[in-house]
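# Breakdown of the fold
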Amino acid sequence: MIFASDCLAGRRILVTGASSGIGRETAIRLAQHGAQLIAMGRDEGRLAQTAAALAGDGHLVRAADLTDADATADIVQALAKEVGPLHGVFHSAGSSLVLPAKLTKNRHLDEVFGAGFRGAFGIARAAAKKGVVADGGSVVFMSSVSSLRGRQGMVAYSAAKGAVDGMVRALATELATRRIRANSIVSGAVETAMHNDFVSSVDETLVANYRDLHLLGFGQPGDVANAAIFLLSDASVWITGTSMAVDGGYTAK
Ligand SMILES: NC(=O)c1ccc[n+]([C@@H]2O[C@H](COP(=O)([O-])OP(=O)(O)OC[C@H]3O[C@@H](n4cnc5c(N)ncnc54)[C@H](OP(=O)(O)O)[C@@H]3O)[C@@H](O)[C@H]2O)c1
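Residues numbered from 1 in each chain as written. Predicted model: local features only at pLDDT ≥ 70, side-chain atom pairs only at ≥ 80, totals over all residues. Heavy atoms only, no water.

## Re the site of the ligand
- Residues in close proximity to the ligand total 28 residues, the closest being Ser-19, Ser-20, Asp-43, Tyr-157 and Thr-192.
- Gly-17 is positioned such that a nitrogen or oxygen atom in its backbone is 3.2 Å from an oxygen atom of the ligand.
- Given that more than half its atoms are within 2 Å of the pocket grid, the ligand belongs to the largest pocket.
- For the shell around the ligand, the secondary-structure elements that each account for two or more residues are helix H1 (21–32), strand S5 (133–144) and helix H5 (155–175).
- The leading source of residues in the shell around the ligand is S5, at three residues.
- Per-class residue counts for the shell around the ligand are 10 nonpolar, 13 polar and five charged. (Near = heavy atom within 4 Å. Polar contact = N/O pair within 3.5 Å; in protein donor to acceptor, adjacent residues only side chain to side chain. 1 Å grid on protein atoms, 1.4 Å probe; cavity = no way out; pocket = protein on both sides within 12 Å on 5 of 7 lines; lining within 4 Å. Sits in = over half its atoms within 2 Å of the grid points. Helix = DSSP H or I, 4+ residues; strand = E, 2+ residues; numbered from the N terminus. Nonpolar A, V, L, I, M, F, W, Y, C, P; charged D, E, K, R; others polar.)

So this is what it looks like as structure tokens:
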């Protein structure tokens with residue numbers, strides 16, 4: 001364990017995308033550091049697996065689709081009304097899309113902007129309402145190096161993650177009066193189901209080249225989870241409106 005095991009004791013933290021990958025690993029690690037989790041995702045079976053892996057008790061599991069900003073805002077507001085103000089939110093839910101611009105249609109945009117951006121915006125809107133996030137709380141959104149660097153086939157995904165990073169900067173200015181912080185994590189490639197779908201759809205040379213762009217190779221979900229713990233904890237009380245690179249050196253090149 002890298003942080004003190006009680007550094008999040010008594011904190012209520014909502015994790016979206018908790019049924020898989022980065023969200024699941026972050027939920028597990030947050031619970032190990034004393035947080036009380038609300039683990040959210042769509043797949044109830046995989047959410048139950050996450051719940052079974054959470055240390056401590058008093059955690060909640062909620063199945064919800066976060067494609068729509070208005071519905072997401074309502075879900076988060078209702079949750080805070082039920083359990084009390086949240087001390088932190090980690091929004092990991094999102095889907096990827098690898099498709100050239102010439103083939104990208106409105107329905108693809110709906111897909112990639114769904115949980116990834118509209119859901120993020122719903123959380124932002126809820127956080128801006130009084131009593132949803134506790135004063136001094138922290139809201140963290142998953143972004144990607146695709147927000148900062150261009151790659152073929154990533155046009156729509158890059159746009160969605162760029163939207164998240166832009167949103168975070170403006171949101172920070174609205175939440176600062178209550179000392180609520182808003183940040184994003186600009187992640188490089190992390191070995192999760194999403195990543196595996198990608199590497200299995202392209203040839204080996206392309207995967208090797210992509211790996212080489214990461215000075216430290218591909219990441220593991222725990223590498224991002226540690227950054228999320230930092231941003232959700234008091235260790236980062238003076239950090240807001242920023243997009244933190246956790247990318248194995250990808251953007252250094
Ligand atoms: N893996 C990478 O290399 C990488 C790199 C940079 C950024 N990211 C970002 O990191 C985040 C997590 O990625 P991951 O690799 O952990 O992906 P993952 O393993 O595929 O997990 C995605 C999660 O998002 C949830 N989700 C997707 N659409 C949803 C919706 N409409 N409503 C509610 N939940 C939804 C999924 O829920 P169900 O499974 O229950 O449907 C799942 O829990 C994403 O935002 C992704 O863009 C990933």
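That covers the picture; the talk isn't over yet.
## Looking at the packing of H1 against helix H8 (residues 221–232)
- Interaxial distance between H1 and H8 falls to 8 Å at its minimum, and their mutual angle equals 55 degrees. Classed by the angle they form, the pair H1 and H8 counts as oblique. Two packed elements cross with a definite hand, and for H1 against H8 that hand is right-handed. Together, Gly-21, Ile-22, Glu-25, Thr-26, Arg-29 and Leu-30 of H1 and Pro-221, Gly-222, Val-224, Ala-225, Asn-226, Ala-228, Ile-229 and Leu-232 of H8 make up the contact between the two elements.
- Residue classes in the contact of H1 with H8 are distributed as eight nonpolar, four polar and two charged. (Axes fitted to C-alpha atoms, helices over the stretch in contact; angles between N-to-C directions. Parallel < 35°, antiparallel > 145°, perpendicular 65-115°, else oblique. Left-handed = near helix turned anticlockwise from the far one by under 90°. Contact = heavy atoms within 4.5 Å.)

## Topic: the layout of surface pockets
- When its volume is computed, the largest pocket comes out at roughly 1,200 Å³.
- Lining the largest pocket are 50 residues, and of these Gly-94, Ser-95, Ser-96, Tyr-157 and Met-194 lie nearest its centre.
- For the lining of the largest pocket, the leading source of residues is helix H6 (residues 193–199), giving five residues.
- In the lining of the largest pocket, the residues fall into 20 nonpolar, 21 polar and nine charged.
- There is about 180 Å³ of room inside the second largest pocket.
- If you go around the second largest pocket, you meet 14 residues; those closest to its centre are Gly-219, Asp-223, Val-246, Asp-247 and Gly-248. (Points joined across faces, edges and corners; volume = space filled by probe spheres on them.)

## Section: the nonpolar core
- Leu-14, Val-139 and Phe-141 are the most contacted members of the largest nonpolar core, which has 39 residues in total.
- Those residues in contact with Leu-14 that sit more than four places away from it in its chain are Ile-38, Met-40, Val-76, Leu-79, Leu-86, Gly-88, Val-89 and Phe-90.
- Formed by 26 residues, the second largest nonpolar core is a distinct cluster that contains Ile-28, Met-142, Val-224 and Ile-229. (Core = buried A, V, L, I, M, F, W, Y, C linked by side-chain atoms within 4.5 Å. Buried < 20%, exposed > 50% of the residue type's maximum accessible area, 1.4 Å probe, protein only.)

## Some details on the side chain of Ser-19
- Position of Ser-19 relative to the elements: it lies in the loop between strand S1 (12–16) and H1.
- For Ser-19, the residues in contact, after removing those within four places along its chain, are Arg-24, Met-40, Gly-41, Arg-42, Asp-43, Arg-46, Leu-47 and Thr-50.

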